[in-house]
Structures are given as structure tokens and as C-alpha cells.
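# Structural overview for review
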Amino acid sequence: MTPPVVILDRPQMAENIGAVARVMANFGLTELRLVSPRDGWPQERAWAMASGADWVLDGVQVFDSVASAMADLNTLFATTARPRETRQPVRTPREATRTLYDDTGSGLKVGLLFGAERAGLETSDIALCQGIVTIPIDPRHQSLNLAQAVAINAYEWRTLILDAPPPGFREAEPPATGEAQLGMFEHLERELDAAGFFHPPEKFRSMSQNLRVMLGRSGFTMQEVATFRGVITALSRGRGRVLERLARQKRDEP
């Protein structure tokens, strides 16, 4: 059973990265990915803080964007307070872990995305995920550091691994990878832009994010991504033929 990948988006302090590696090792998570760490990588202070969890840090991969870090994942949940800009499914760590466990049991690759210590996650990155994980902490004191957030989710994974029966076999085709979904989103956005859908232009960012969230909730398979992109291509070609016919009619007018 392959545990979830942990992705840290723009982590600021090497000590926090080391603390995350430590709790990952405590609960059996092994693969850590960093997106644009503020002070670069590697950082000796991370190893000092990891308290011997060297195998997690030794295997760290560094990426320049969330999109590239999650490209090979089938299911990715963003761990954050629920943003008002999206309508993603929201789960507790326990609920999210069950979904990740079932997906992993079906041979899928899964992960958890955590934001920077101060700024959190960008809405555009959350829109690439299949849902949101929110830790139900007391509203009187909502300050939770990065390693604590990772530890709570990792604990739920470890508990489920020890206690849950084997997951059921899934015969359906697996969900599309993050890379395939992103390609579909960008393909659709290019054609919609060419058709004048994003109007006024300053609405492009919010409108495209809403489209990504809406489509992301559908849980596309690889075959469905290919089919949907075929639909987009057919529509764009059809639009081109209509424009050509109108141009010919205009030329033929007396």
C-alpha cells in the first residue's frame, strides 16, 4: 500500500521542512515534494530538525510549480481552510484518508498538498485538486503549524492502515493524472478565449478557476479526458468551418 505523497508549496523555513519529514517518518509516509522552497534546497537545518528521518529528506524532489509537482498523481487533496472562491468538496482528515486509501488500493497515486506557513495555498492551485481537507480545530485558536497539520493527516493514514480491512477492487478505469487534467483545462481555456468567452478580459482568472473546479469535481478518467478534448477540438473546427462559409457567402454577394 503506497502512502500519499506530501507536497509543500513554497515552504519558508528549513526547520519546518525537517519537522514535516520527522512526522512523515513517524506515521509511515515517505515521499516529500517541495514547490519553490524560499531558501532553496537542500538546507542543513532541515536534517537537524528531522531527528534522524534522513530517508525522507534524502528523497525530496523539488518542483517549480504545483502543477508539475502533482502531474503524476490521480487524486490530490488541498489541506487548507475552505476558500470562498471555490466550491470544492470539503472533508475532514479522516474522511479524506478513507478516499485516499481506497484509491491507493486500486493502484492509483495520491497526495496531500499543504500551503506556505504564512500565505497558505493559492486558489488557482486548489482548483487543480479534487477536494479540500479541513482540520476541525477550535475556532477560538486556529493557529496550527505546518508540521502539526501534516501530522494529523499522517496519523489518520497510519490508523487506517493498521485497522482497516483490505480495500475493495475497483474495476473501473482509474482517474486521469493531474498532468492530463491540466492539459484538458488549458485546451478548453484556449478555445474559449478564441471564441470570446472570457469577457471582460480581467475576468479570465476567476472564470477559468471556476471552470477548473467544476470540471475537477467530475473525476475524469484518462479516456474521458481524451474524449472531452476531442469534443473541444471538434467544436473549434466546426466554428472555423462556419466562419469560412460566412466569408465565402460575403465574397459571393453581388
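Up top you'll find the structure we're talking about.
Summarised in this report is the structure supplied together with it. The structure presented is a predicted model; accordingly, all values stated were derived computationally and were not measured.

### Side note on the overall build of the protein chain
In terms of regular secondary structure, the protein chain is built from 10 helices and 7 strands. Counting all 254 residues of the protein chain, 44% fall into the buried class. For the protein chain, the proportion of contacts with a sequence separation of at least 24, taken over those separated by at least 6, is 83%. Accessible surface for the protein chain amounts to roughly 13,800 Å². Of this, 52% is attributable to carbon and sulfur atoms.

### What about the packing of aromatic side chains?
In the structure shown here, the tally under the stated rule is 6 aromatic pairs. Three or more aromatic residues joined by ring pairs make a cluster, and in this case those are Phe197, Phe198 and Phe204.

### Description of helix α7 (residues 146-163)
Its 18 residues give α7 an end-to-end C-alpha distance of 26 Å, which sits within 8% of 26 Å, the value for a rise of 1.5 Å per residue. Among all positions of α7, only Leu146, Ala147, Ala149, Val150, Ala151, Asn153, Ala154, Glu156, Trp157 and Leu160 are buried. Summarising the contacts, the buried residues of α7 are in contact with β1 (5-9), α1 (14-26), β4 (75-79), α5 (93-105), β6 (110-114) and β7 (131-133). The N-cap residue of α7 is Asn145: its side-chain oxygen and the backbone nitrogen of Ala147 are 3.2 Å apart.

### Some details on the pairing of strand β2 (residues 32-35)
Of the two faces of β2, the one lined by Leu32 and Leu34 and the one lined by Arg33 and Val35 are each fully buried. Where β1 meets β2, 4 bridges bridge the pair, whose relative direction is parallel. Each residue of the ladder has a partner; that of Asp9, found in β2, is Val35. In the classification by handedness, the crossover that spans β1, the intervening α1 and the parallel β2 is right-handed. The sheet contact formed by β2 and strand β3 (residues 61-63) spans 3 bridges and is parallel. Bridged to Leu34 within β3 is Val62.

### Re the packing of helix α8 (residues 178-194) against helix α9 (residues 204-216)
Where α8 meets α9, the axes come as close as 11 Å, and the angle between the chain directions of the two elements is 135°. Between α8 and α9, the angle falls in the class oblique. Handedness of the α8/α9 crossing: right-handed. Residues Gln181, Leu182, Phe185, Glu186, Leu188, Glu189 and Leu192 of α8 form the contact with α9, whose participating residues are Phe204, Ser208, Leu211, Arg212, Leu215 and Gly216. Considered class by class, the residues forming the contact of α8 with α9 number 7 nonpolar, 3 polar and 3 charged.

### Side note on the pattern of salt bridges
Charged atoms that come close allow side chains of opposite charge to pair. For the coordinates displayed, the defined rule picks out 12 salt bridges. The partner of Lys109 in a salt bridge is Asp72, with the nearest N and O atoms 3.3 Å apart. Taken together, the residues Lys109 in the loop between α5 and β6 and Asp72 in the loop between α4 (66-69) and β4 connect sequence positions 37 residues apart. A relative accessible area of 33% places Asp72 in the partly exposed class. One salt-bridge network, held together by shared partners, links Glu31, Arg33, Asp72 and Lys109.

### Structural notes on the pairing of β4
Buried residues dominate β4, accounting for 5 of its 5 residues. Every second residue of β4 is oriented toward a common face, with Thr75, Phe77 and Thr79 on one face and Leu76 and Ala78 on the other, all of them buried. In this structure, β4 lies alongside β6, joined through 5 bridges in parallel fashion. Residue Thr75 lies in a different strand from β6, and its bridge partner there is Val110. As paired elements, β4 and β7 share 3 bridges and run parallel to each other. Pairing of Phe77 across the sheet is with Gly131, part of β7.

### Details of α9
For α9, which comprises 13 residues, the first-to-last C-alpha distance of 18 Å matches the rise-based estimate of 18 Å (1.5 Å per residue) to within 8%. When α9 is considered as a whole, its buried residues turn out to be Met207, Ser208, Gln209, Leu211, Arg212, Val213, Leu215 and Gly216.

### Section: the side chain of His187
By the element assignment, His187 lies in helix α8. Among the residues examined, His187 registers a relative accessible area of 9% and is labelled buried. Setting aside residues no more than four positions away along its own chain, His187 makes contact with Arg229, Ile232 and Thr233.

So, how was this worked out
- Residues numbered from 1 in each chain as written.
- Predicted model: local features only at pLDDT ≥ 70, side-chain atom pairs only at ≥ 80, totals over all residues.
- Heavy atoms only, no water.
- Helix = DSSP H or I, 4+ residues; strand = E, 2+ residues; numbered from the N terminus.
- Buried < 20%, exposed > 50% of the residue type's maximum accessible area, 1.4 Å probe, protein only.
- Contact = heavy atoms within 4.5 Å.
- Areas by Shrake-Rupley, 256 points an atom, 1.4 Å probe, with all protein chains shown as cover.
- Phe/Tyr/Trp six-rings, centres within 6.5 Å; stacked < 30°, edge-to-face > 60°.
- Expected span 1.5 Å × (residues − 1).
- Polar contact = N/O pair within 3.5 Å; in protein donor to acceptor, adjacent residues only side chain to side chain.
- Pairing = 2+ DSSP bridges.
- Right-handed = clockwise from strand over helix to strand, strands pointing away.
- Axes fitted to C-alpha atoms, helices over the stretch in contact; angles between N-to-C directions.
- Parallel < 35°, antiparallel > 145°, perpendicular 65-115°, else oblique.
- Left-handed = near helix turned anticlockwise from the far one by under 90°.
- Nonpolar A, V, L, I, M, F, W, Y, C, P; charged D, E, K, R; others polar.
- Salt bridge = Lys/Arg side-chain N within 4 Å of Asp/Glu carboxyl O.

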